[in-house]
Amino acid sequence: MSTTLSLSTLQAQMSPETGTALTLLGLLVASGLLIYVYTARKRARARDEAQTLLEAHLDQRTKELADAERLFDTERAASEKQLRLLLRELTHRSKNLLAVIQAIARQTARQTDTVDEFLDRFGARLHAIGMSHDLLVADDWHGASLRMLVEQQLEAHANGAGSRVAIEGEDVVLKPEAVHNLGLALHELTANAEKYGSLSNTEGLVHVGWNVCDDEKALKLTWEERGGPDVQAPSRSGFGRAMLENVVGKALAGEVALSFPVQGVRCEIVIPASHINSRG
C-alpha cells in the first residue's frame, strides 16, 4: 500500500476548522509577502530618491565651489591690480615729496648761515609736511579738511579763550597735493607772523578765510594780519615768499598774491576747484 496521500485524500480527512485555519494561514503568508515586497520597493524608491537628492546636492555644491573659486580668482586679480595701482601712486607721490623736500633743503641752505640755523628751519618745515601727511593718513589718503589743516598749522595760537586766530569758511576736503602745498604755505605764513608779524607781539591777530568762487571753478583763501608791528616790504625775496609765489602757486596751477600793507601782511591764494574732493 502507498504511504503517500493525495491532496484530495488529505482534504477529505481534514475537518472544516482545519481547512479554514490553513486558508487563513495562506492568506497571512501571502499578505506578509505582499507587505514585504511593498516595503522593499518603497525602501528602494527612498534610497533612489535619497541618492538622486544627494547627487543633486553634490552637483550644486560643486557648482557653488566652482563659482566661489572663479569669484575668488576675479577678486584676487582685482586686488592685485588695485595693489599695483596703489604702489605706482605711492611711488609717484613719494618721488614728488622727495623732490619737494630736496627743494626745501636747497632753498633753506641758501637762506641760512649756520648749520644750527639750517637744522632748525629745515626741521620746522619737515614737521609741517609731516603734520599734513598725518591728516592724509587719517583719511586713507583720500584728502583732508581745509579747516583742520589751518587749525593744525596755527594750533599754538588758535586754542583757548585767548585765541588770536579767526578762521572762517565752509569746510572743504582738499586732495592730497593741495593739502601738502597749502600746508607748507600756511607754515611759512605762520612762521613769518611769529617772527615779524602779528603773532610776534601779544596783541596781533590773524584772520584766515576762504570761499569757493561763484562759478565754482576756484577756491580763494585769504590770510590777513592785524595788530602787529608796522610792516615794511622786504628788500629781497626770502624762502617763504619764494615758496608761496613760485612753488605753491605753480604746483597747484593757481595764483598767489602776497602784499605788505603797513597794518599787516596779506596773502591771497587761488587754486582750481579741481583740487577739492568735496564740500561741507
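Further up the page is the structure itself.
A brief report on the enclosed structure follows. Within each chain, residue numbers correspond to sequence positions counted from 1 in written order. This being a predicted model, a pLDDT of at least 70 is required before a residue's local features are given, and a value of 80 or more before pairs of side-chain atoms are given or counted; all residues contribute to the totals for chains, interfaces and linings. Note that the side-chain values use all heavy atoms of the structure and ignore hydrogens as well as water.

### A short note on the side chain of threonine 190
Part 1: A run of H or I in DSSP counts as a helix once it spans at least four residues, and a run of E counts as a strand once it spans at least two, with each numbered from the N terminus. Its location among the elements puts threonine 190 in helix 6 (residues 176-195).
Part 2: Non-local contacts of threonine 190, meaning those with residues more than four positions away in its chain, are made with Gln153, Leu154, Leu199 and Trp223. Every residue pair with non-hydrogen atoms within 4.5 Å of one another is taken to be in contact.

### Observations concerning the packing of helix 4 (residues 146-153) against helix 6
Part 1: Between N-to-C directions, angles cover 0 to 180 degrees, with each direction set by a line fitted to C-alpha atoms, over the stretch in contact for helices. One way to put it is that helix 4 packs onto helix 6 with a least axis distance of 9 Å and a crossing angle of 35 degrees. Read as a crossing pair, helix 4 and helix 6 show a hand that is right-handed. Along its contact with helix 4, which presents Leu146, Leu149, Val150 and Gln153, the element helix 6 presents Val179, Leu182, Gly183, Leu186, His187 and Thr190.
Part 2: Residues belonging to the contact of helix 4 with helix 6 are distributed by class as follows: six nonpolar, four polar and no charged. By definition, turning the near helix anticlockwise from the far helix through less than a right angle yields a left-handed crossing, and turning it clockwise yields a right-handed one. Gly is put with the polar residues, along with every residue not named as nonpolar or charged; the nonpolar set is Ala, Val, Leu, Ile, Met, Phe, Trp, Tyr, Cys and Pro, and the charged set is Asp, Glu, Lys and Arg.

### Some points on the pairing of strand 6 (residues 255-259)
Part 1: Burial along strand 6 is one-sided: the residues Val256 and Leu258 are buried and none of Glu255, Ala257 and Ser259 is.
Part 2: A pair of strands is considered paired only if DSSP assigns at least 2 bridges between the two. Note: strand 6 against strand 7 (residues 266-272), five bridges, orientation antiparallel. The partner of serine 259 across the bridge, within strand 7, is arginine 266.
Part 3: The turn joining strand 6 and strand 7, which pair antiparallel and follow one another in sequence, is formed by six residues; a positive phi near 160 degrees is taken by glycine 264. Buried residues are those whose accessible area, probed at 1.4 Å on protein chains only, stays under 20% of the maximum for their type, while exposed residues exceed 50% and partly exposed ones sit between those limits.

### Overview of the sheet that holds strand 6
Part 1: One open sheet holds the five strands; their spatial order is 2-4-5-7-6, and the pairing between them is mixed. The outermost strands of the open sheet, each flanked by one partner alone, are strand 2 (165-168) and strand 6. For this sheet, the mean inter-axis angle between neighbouring strands, taken without regard to orientation, is 10 degrees.
Part 2: As judged from the four bridges shared by strand 2 and strand 4 (residues 205-212), these two strands associate in the parallel manner. Bridging from a neighbouring strand, isoleucine 167 pairs with valine 208 of strand 4.
Part 3: With respect to the sheet, helix 6 is in contact with strand 5 (218-226), strand 6 and strand 7, its orientation differing from that of strand 5 by roughly 10 degrees.

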